[in-house]
Amino acid sequence: MKKLTTLLLVLISLQMNSQINCIPTIGDGFKPITKGIALRDSPELTSEIVMRTPSANGIWLKSTENGYFNDFVKVKVWFIGDAYKENGVNSNISYLYTYLKDDYGYDFNFQDYIKYISDNKNLEKIYNTLISDENNDWFKDWSNSEKYDVSTFNGFYDYWIYFDKEKSNYNYIFENEGKELYVNKNDLTNDVPGLLYANGQDVEFYLEKINELIDLNKNRKCEYLESKLIFCIEKYISLLSDDNAFKAIQEINTLSEYISDETNKRKLEYLKMIASYKDENFIASIKIGKELINSYDKKLINNYQVTFSREDIDMSEVYGYVISSLISENKLDEAFNLSLKSLNNQNLQFGQNIEFHSIILLQMNKKSEACELLNKEYLNGNEKARELINKYCK
């Protein structure tokens, strides 16, 4: 069976909309579970609402103190892209603020920054600094893009600063950015986007990360995410099963106690199906695979081939493993039915679909049908079909 290639880096956020069950510490990041969550001036439900959150993908809330206050978390507001779009403000204003602070040592809060760039003389100083800095790679990269011409101050202003003030709700952004407010813990999730580890690491690397995440979970740290844990488990088990498939199954059973999300539990079953196949226990692989197919038919599983979301299961591979296992167990009728089902659904087709279906037909003494299918694929330029024709149809 061929495995799908994956991205070198993975940026994930499962958006499970679950309230936090950890103990906040300074610097922990949170998101509102939905749009319109109240941020208050004190940790009481009767206190004044200073602002309501934009969409969940438009804001990050960073904890500024440890622990809870009457079930409230004290947080600092940090708007990101979607909030700017929702309120008609140029999001590059925020990026420029970060660059000026990090790269050039500008020492002002966001509100002072807005006042500063409201004066074109100050903006011209910023522009001249950026355009004349030979070591400024990020500005050069932006400058070389086809989106705008930064060779003039006007081009810089249009791309980095300008927005239509008459049509925007800019005060919402400018006045609330950086404020420290209180939000009820039941209105938060710690499932913020996180950059996970690069592919291509070895078994020991992922096992170490798994143990680190388990420790974070045991100590109720908010930086723990089950989505990170299942990612590392998936990488670890995939590598381990290549060398010791049965140990991979044992490890899945051990690690399963730390997985609570139903989608992630099914991902473990998917991994166990593959490990069983590699251990040549085709009966076990068939059993798990059929259960996954049944769950998919009941719409309990999303197909990676449709969503391209890494938390989902590649149902084309499930079909491939089950069909191959059924052939190995000489259960040809079942194999034929599943193979036909996958052939008729583009989202369930796998790399060896034609080969497997032809083998099933040949073993069922349906040589003419098998050769007809292979010749059709031969004319489509399928090299494997040519090999099979030479082997079985001449």
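The structure displayed is predicted, hence computed values, not measured ones. (Residues numbered from 1 in each chain as written. Predicted model: local features only at pLDDT ≥ 70, side-chain atom pairs only at ≥ 80, totals over all residues. Heavy atoms only, no water.)

So what's going on with the state of the cysteines? Which residues, and what values?
One pass over the structure, following the stated rule, counts 2 disulfides. Here Cys22 pairs with Cys222 through a disulfide, and the sulfurs are 2.1 Å apart. The sign of the 100° torsion about the S-S bond sets the Cys22-Cys222 disulfide as right-handed. Linking Cys22 in the loop between β1 (11-12) and β2 (29-32) with Cys222 in the loop between α8 (203-218) and α9 (226-243), this pair joins segments that are 200 residues apart in sequence. Relative accessible area serves as the criterion here: at 4%, Cys222 is assigned to the buried category. Disulfide pairing is shown between Cys371 and Cys393; the S-S distance is 2.0 Å. Residues Cys371 and Cys393 are joined by a disulfide whose S-S torsion is about -95°; by sign, that bridge is left-handed. With Cys371 in helix α17 (residues 367-379) and Cys393 in the segment after α18 (383-392), this pair connects stretches of sequence that are 22 residues apart. For Cys393, a relative accessible area of 21% corresponds to the partly exposed category. The cystine pairing of the protein, numbering bonded cysteines in sequence order, is 1-2, 3-4. Summary of cysteine pairing: Cys232 is not part of a disulfide, and the nearest cysteine sulfur, belonging to Cys22, is at 18 Å. (Disulfide = S-S within 2.5 Å. Helix = DSSP H or I, 4+ residues; strand = E, 2+ residues; numbered from the N terminus. Buried < 20%, exposed > 50% of the residue type's maximum accessible area, 1.4 Å probe, protein only.)

Which residues make up the packing of helix α2 (residues 92-104) against helix α3 (residues 110-117), and what values go with them?
For the pair α2 and α3, the least separation of the axes is 11 Å and the interaxial angle reads 105°. With respect to their mutual orientation, α2 and α3 come out roughly perpendicular. Only Phe110, Tyr113, Ile114 and Ile117 of α3 make contact with α2, whose side of the interface consists of Ile93, Leu96, Tyr97 and Leu100. (Axes fitted to C-alpha atoms, helices over the stretch in contact; angles between N-to-C directions. Parallel < 35°, antiparallel > 145°, perpendicular 65-115°, else oblique. Contact = heavy atoms within 4.5 Å.)

Quick rundown of the nonpolar core? Include the residues and the values.
By size, the foremost hydrophobic cluster in this structure holds 54 residues, and its most contacted members are Leu229, Ile233, Met273 and Val318. When residues of this core are traced back to their parent elements, those giving at least two are α8, α9, α10 (245-255), α11 (262-278), α12 (282-297), α14 (315-328), α15 (332-343) and α16 (353-363). In this view, Met273 contacts Ser285, Ile288, Gly289, Leu292, Val318, Tyr321 and Val322; residues no more than four positions away in its chain are not counted. Listed in part, the 47 residues of the second largest apolar core include Ile20, Val75, Ile126 and Leu130. (Core = buried A, V, L, I, M, F, W, Y, C linked by side-chain atoms within 4.5 Å.)

So what's going on with unusual backbone geometry? Residues and values would help.
One non-glycine residue with positive phi stands out, namely Glu280, at about 65°. For Lys299, which is not glycine, the phi dihedral falls at a positive 65°. Assignment of secondary structure puts Lys299 in the loop between α12 and α13 (304-307). Since its relative accessible area comes to 73%, Lys299 is described here as exposed.

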